[in-house]
Amino acid sequence: MNMKRRTLLIKNFVELVLLNVEHLVEKRSEQMEQLVCEMQNPETGVPLRRQKMFLTTIPSAFLAYDLVEWLTDRLNIEETEAVHLANLLCQHGYFFPVGDTRSLAIRDDGSLYRFQAPYFWPSHHQPDNTDYAVYLLKRSMKSKQKHSLEDYEQEALARLKKLLCHKWDFITLQAEEQINLAKDKKKGDRLVLESQEKSYWRVHRPPPGTISCLEKTPLANRKVKKKSITDLKREKAMLLENLNKRRFKTSRLVESLINHCQDYIEFDTFVSGIWPSNPWITEDATLWTLNNREVEVPTEQRVKRWSISLDDLLNDPTGIKEFERFLRKEYSHENLLFWKAVQSLRRCGNLDVDKKVHEIYNQFLSPSAPYEINVDSSTVEAVQEGLKNPTRYTYDNALLQVYSLMEKDTYPRFLRSAQYRDLLLHSLHPSQKKKFGFNFGAGMKKRMVSAGAKRRPNPSHLSGSSVDLTHMSHSLEMDEPSMSSRHSHSTSDLHDLGIPGENLASSRLSSPSSSRDNVPEDNPHTLQVPRLSPGGGEPETTLGVSLTVPCRPASVVAPWETEE
């Protein structure tokens, strides 16, 4: 009953759509005919005049660019739109080209066109097989070179000759009479009549493979079947049942759609981009290598997708492998093995269905099964009944219970496990760019320490001499991040106290006693330059700058220390 109701609903819907299409086509035809009537207005329409074509006078013809210009001015549209609209009118048969009728298209040049008689408009006249047979036979009787029939026209003529064999003599007489009447006309009138006939049948009997604008819907020639009282009662009962049927709220559907989009927006390549690169553009196959079906180290995006739902996990071969490894540790992998066996059953050949159904039963559902699954007794009875006539879907009910059990129990435990956290932690990050670190301080400090160890400074030569911090900055080991900011801060504090900052170091280091007090016991070659505290008062000796003073070798004597 549900299938019949669904079929009837689909049929009614299709009929409604086709009726709407027919109504739109009729309305469009009326609008086009109204526009063509405005074109033929002697005062405001397209200018018609006698035109010359190869020494032949064509009466009441118009040029193509005159038509395009009129449409542009009349409808206030662009030139390309006017050309497109003119092509549609020509393909519907409202005017035709004079001479060349192989292509019903408008060329924006000096080509000649004529309006079709209103009697031959698509809405006023429908073609008949007899008229088409007369037209084809008349062309076949004329000159073979100029009026030769195309292949599809020859096939149509042979088919019509068999179909209209009972009145073929009448058709032959009609063709001969029309040929004789055409001989008495002027050359220009004969050319117009031939072009009119060719364009008319090109519109209504187009060549095979050509798109026709006059193609009708399947309901155009349908016979409406009258509905009986039984049909009306059945339709009424179906409509009443559908009125009482429960419907989903649109707001809930939209909310679920938004939630779905928010869950998967991170994995949408159109939104988040392709990392590391698009292999179809850059010819770099790294993306395919990282996202193979089974990889040793998956990407971070791949592992994150496993946490959305169990379906996303089971659709990934690498995810299935990791999930099975977790379940084997907990001795509960029989559910996943059953799921894999049923999936294999659905994809096997027809000849292997019977064998696989019994293998799955012996392995998972029989009393002595090595991997017995936890399903209720009614499901087992249903499976045993289905073994009499095994199909691919014998285990669907059992699979539904096993899947629900994995989704509610083992799958959440897998996401909370240390194995999943390790996978997420050690996963690949193809989108992360390489960072370059410039650690200049470490290398400088090592060089300074090694240089200080070689020089072995002697503090005995510092007595009575001043130390310039500016010229000895290359041998300083800074305990704090920035010495310049520290030095400027100390200088500003000294100015606040009325002490010139540039004489602080010399005043402190010029006295041997002060220098001995500031030298640490463990390293006699290092001096501590004191710094005033931010609030003023006594200088801080513990927080300062370590000053390494190089010693002079004993063999080297300064010129001012000699008597010469």
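- With an unreviewed UniProt entry as reference, the chain is termed Regulator of G-protein signaling 6, source organism Nephila pilipes.

**Structural notes on the sheet that holds strand 2 (residues 56-63)**
Here comes step 1: Strand order in the open sheet made by the four strands is 1-2-4-3, with antiparallel pairing throughout. Looking at strand neighbours, the two that pair on one side only are strand 1 (49-53) and strand 3 (95-97), the edges of this open sheet. Recorded for the sheet is a direction-independent mean angle of 55 degrees between the axes of neighbouring strands.
Here comes step 2: Note that strand 1 and strand 2 share four bridges and pair antiparallel. Counted as the bridge partner of M53 is T56 from strand 2.
Here comes step 3: In the packing of helix 2 (residues 64-75) onto the sheet, the strands contacted are strand 1, strand 2, strand 3 and strand 4 (112-115), and the crossing angle to strand 2 comes to about 20 degrees.
Here comes step 4: Here helix 7 (residues 187-204) sits on the sheet in contact with strand 1, strand 2, strand 3 and strand 4, set at roughly 50 degrees to strand 2.

**A look at the packing of helix 19 (residues 396-416) against helix 20 (residues 418-425)**
Here comes step 1: For the pair helix 19 and helix 20, interaxial distance at closest approach is 5 Å and the crossing angle is 50 degrees. What the angle tells us is that helix 19 and helix 20 run oblique. Contacts from F414, L415 and R416 in helix 19 reach A418, Q419, Y420 and R421 in helix 20.
Here comes step 2: For the contact of helix 19 with helix 20, the per-class residue count stands at four nonpolar, one polar and two charged.

**Overview of a negative patch on the surface**
Here comes step 1: A grouping of E78, E79, E81 and D108 is seen on the molecular surface, where their side chains present a negatively charged patch.
Here comes step 2: Mapped onto the secondary structure, E79 falls in helix 3 (residues 79-91).

**Observations regarding the packing of aromatic side chains**
Here comes step 1: Under the defined criterion, the tally for this structure stands at 19 aromatic pairs.
Here comes step 2: On the basis of an interplanar angle of 25 degrees and a centroid distance of 6.0 Å, the ring pair of Y135 and W201 is categorised as stacked. Taken together, the positions of Y135 in helix 4 (residues 129-141) and W201 in helix 7 put the pair 66 residues apart, joining distant regions of the chain. Both residues of the pair, Y135 and W201, belong to the buried class.
Here comes step 3: On the basis of an interplanar angle of 80 degrees and a centroid distance of 5.0 Å, the ring pair of Y200 and W201 is categorised as edge-to-face.

Thresholds, definitions, all that
- Residues numbered from 1 in each chain as written.
- Predicted model: local features only at pLDDT ≥ 70, side-chain atom pairs only at ≥ 80, totals over all residues.
- Heavy atoms only, no water.
- Pairing = 2+ DSSP bridges.
- Helix = DSSP H or I, 4+ residues; strand = E, 2+ residues; numbered from the N terminus.
- Axes fitted to C-alpha atoms, helices over the stretch in contact; angles between N-to-C directions.
- Contact = heavy atoms within 4.5 Å.
- Parallel < 35°, antiparallel > 145°, perpendicular 65-115°, else oblique.
- Nonpolar A, V, L, I, M, F, W, Y, C, P; charged D, E, K, R; others polar.
- Patch = residues over 30% accessible without salt bridge, like charges linked within 9 Å, V, L, I, M, F, W, Y side chains within 5 Å.
- Areas by Shrake-Rupley, 256 points an atom, 1.4 Å probe, with all protein chains shown as cover.
- Salt bridge = Lys/Arg side-chain N within 4 Å of Asp/Glu carboxyl O.
- Lys, Arg positive; Asp, Glu negative; His and termini not counted.
- Charge placed at Lys NZ, Arg CZ, Asp CG, Glu CD.
- Phe/Tyr/Trp six-rings, centres within 6.5 Å; stacked < 30°, edge-to-face > 60°.
- Buried < 20%, exposed > 50% of the residue type's maximum accessible area, 1.4 Å probe, protein only.

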